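Remarks on the overall topology
Chain by chain, the residues:
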Amino acid sequence: MTLMENRYLGREEAPLGPETWKLLDSTMIEAAKSQLAGRRIIAIDGPFGFGLKVVPVSDCDLEEGISGSSFVPVNEVKSGFSLGKRDLASFEKDRLVLDLNPIACAAIDCAAKEDQIIFNGIHGSFGLLTAEGSSIQTLTKWDKVGSAADQIIDSVTKLDDAGFHGPYCMALAPAQYNLLLRRYPQGDGTELDHIRTIVSDGVVKAPALKKGGVIMASGRQFATIVIGQDMAIAYNGPVGDSLDFYVIESLALLIHAPEAICVLE
């Protein structure tokens, strides 16, 4: 993290030592990892810094002899938390246990908002599930082991027909993902093991999804996540007997080829 980013995040103003910051940062990272799904299947560009507010996309003709570029907004995401002054002082002096749950909750909240942007979009910016031009696979019940694999094969066939021949990656809502953990009755393998031979670049559980999921061709040529400020803890100041902080990040999803996406509904 650069000195400039530290200045904008107020970290140098916080009365915390390096070891305390190290603990807070590692807690944030581990908590966020338990939630994040989009970053596990889509290439990342950046981070480019706290000041990035928009990402330009390809020029288009506006009038004869005049062209211009449209922009995708870089959305800022934040979630606040507080830590008691005495608790922090006790940790820094005697290394007594510090309650890290507020940090974890804020990080999980930010991560959930990030994945909402990536999968569902926000205020006119498309997400993976809402991109115009993608194909759609209507799911039936996965009541029998093997039915999910059959429908994933149908989805891959749609992408093949559209000219995208793999490899593929996929994110599923927890309810659908967990059904893949069942074993085939005629062998020791799970349906997830089987599907990973079809979707070889990653099958991830996406807590931000309530149902269904998405399968897509892998590669930054099809979609990228642009990071301005990567997820970090900022210091807000003292409030009563506590110190206020917030977890903050900024990002945008760029979909370069919506035809490379198949939405599982």
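Here is a short report on the structure shown in this document. (Residues numbered from 1 in each chain as written. Predicted model: local features only at pLDDT ≥ 70, side-chain atom pairs only at ≥ 80, totals over all residues. Heavy atoms only, no water.)

1. Overview of the side chain of Ser 79
If you trace the backbone, Ser 79 turns up in strand β4 (residues 75-84). In this structure the side chain of Ser 79 is engaged in a polar contact, spanning 2.9 Å, whose partner is the side chain of Asp 109. Leave out the neighbours within four places in its chain, and Ser 79 touches Ala 106, Asp 109, Cys 110, Tyr 246 and Val 247. (Helix = DSSP H or I, 4+ residues; strand = E, 2+ residues; numbered from the N terminus. Polar contact = N/O pair within 3.5 Å; in protein donor to acceptor, adjacent residues only side chain to side chain. Contact = heavy atoms within 4.5 Å.)

2. Some remarks on the packing of aromatic side chains
Enumeration according to the criterion identifies five aromatic pairs in this entry. Considering the side-chain rings of Phe 164 and Phe 222, the 5.3 Å spacing of their centres and the 85 degrees angle between planes classify their relative orientation as edge-to-face. One end of the pair, Phe 164, is in the loop between α6 (147-161) and β6 (168-172); the other, Phe 222, is in the loop between β8 (213-217) and β9 (223-227), and 58 residues separate them in sequence. The burial state of Phe 164 is the same as that of Phe 222; both residues are buried. Measuring from centroid to centroid gives 5.5 Å for Tyr 235 and Phe 245, while their planes differ by 55 degrees, and the two rings are tilted. (Phe/Tyr/Trp six-rings, centres within 6.5 Å; stacked < 30°, edge-to-face > 60°. Buried < 20%, exposed > 50% of the residue type's maximum accessible area, 1.4 Å probe, protein only.)

3. Things to note about the sheet that holds strand β12 (residues 261-264)
Taken in spatial order, the five strands make up an open sheet running β5-β12-β8-β6-β7, and their pairing is mixed. Edge positions in the sheet fall to β5 (135-137) and β7 (203-205), since each has one partner strand and no second. Each strand axis lies, on average, 20 degrees off the axis of its neighbour in the sheet, ignoring direction. Alignment of β8 against β12, held across four bridges, turns out to be antiparallel. From the neighbouring strand, Ile 215 faces β12, where its bridge partner is Cys 262. Sitting on the sheet, α6 touches β5, β6, β8 and β12, and the angle it makes with β5 is about 165 degrees. (Pairing = 2+ DSSP bridges. Axes fitted to C-alpha atoms, helices over the stretch in contact; angles between N-to-C directions.)

4. Examining the state of the cysteines
Defined simply, a disulfide is a covalent bond joining two cysteines at their sulfur atoms. Counted under the stated rule, the structure contains zero disulfides. In this structure Cys 105 is a free cysteine whose sulfur lies 12 Å from that of Cys 110, the closest cysteine sulfur available. On the basis of relative accessible area, Cys 105 is assigned to the partly exposed category, the value being 42%. Overall, the relative accessible area of 0% leaves Cys 110 in the buried class. (Disulfide = S-S within 2.5 Å.)

5. Regarding the packing of α6 against helix α8 (residues 191-198)
Where α6 meets α8, the closest approach of the two axes is 9 Å, and the angle between their N-to-C directions is 15 degrees. In terms of orientation, α6 and α8 fall into the roughly parallel class. Of the two elements, α6 crosses α8, and the hand of that crossing is right-handed. Here α6 contributes Ser 147, Ala 148, Ala 149, Ile 152, Ile 153 and Val 156 to the contact with α8, which in turn contributes Glu 191, His 194, Ile 195 and Ile 198. Residue composition of the contact of α6 with α8, by class: seven nonpolar, two polar and one charged. (Parallel < 35°, antiparallel > 145°, perpendicular 65-115°, else oblique. Left-handed = near helix turned anticlockwise from the far one by under 90°. Nonpolar A, V, L, I, M, F, W, Y, C, P; charged D, E, K, R; others polar.)

6. Thoughts on the pattern of salt bridges
Scanning the model with the defined rule gives eight salt bridges in all. In this structure, the salt-bridge partner of Glu 114 is Arg 39, at a minimum N-O distance of 2.8 Å. Of this pair, Glu 114 sits in helix α5 (residues 101-120) while Arg 39 sits in helix α3 (residues 38-41), and the two are 75 residues apart along the sequence. Taking the shortest distance from any N to any O, the salt bridge between Asp 230 and Arg 39 comes out at 3.1 Å. On the criterion of sequence distance, the pair formed by Asp 230 in the loop between β9 and β10 (232-239) and Arg 39 in helix α3 is long-range, its members being 191 residues apart. (Salt bridge = Lys/Arg side-chain N within 4 Å of Asp/Glu carboxyl O.)

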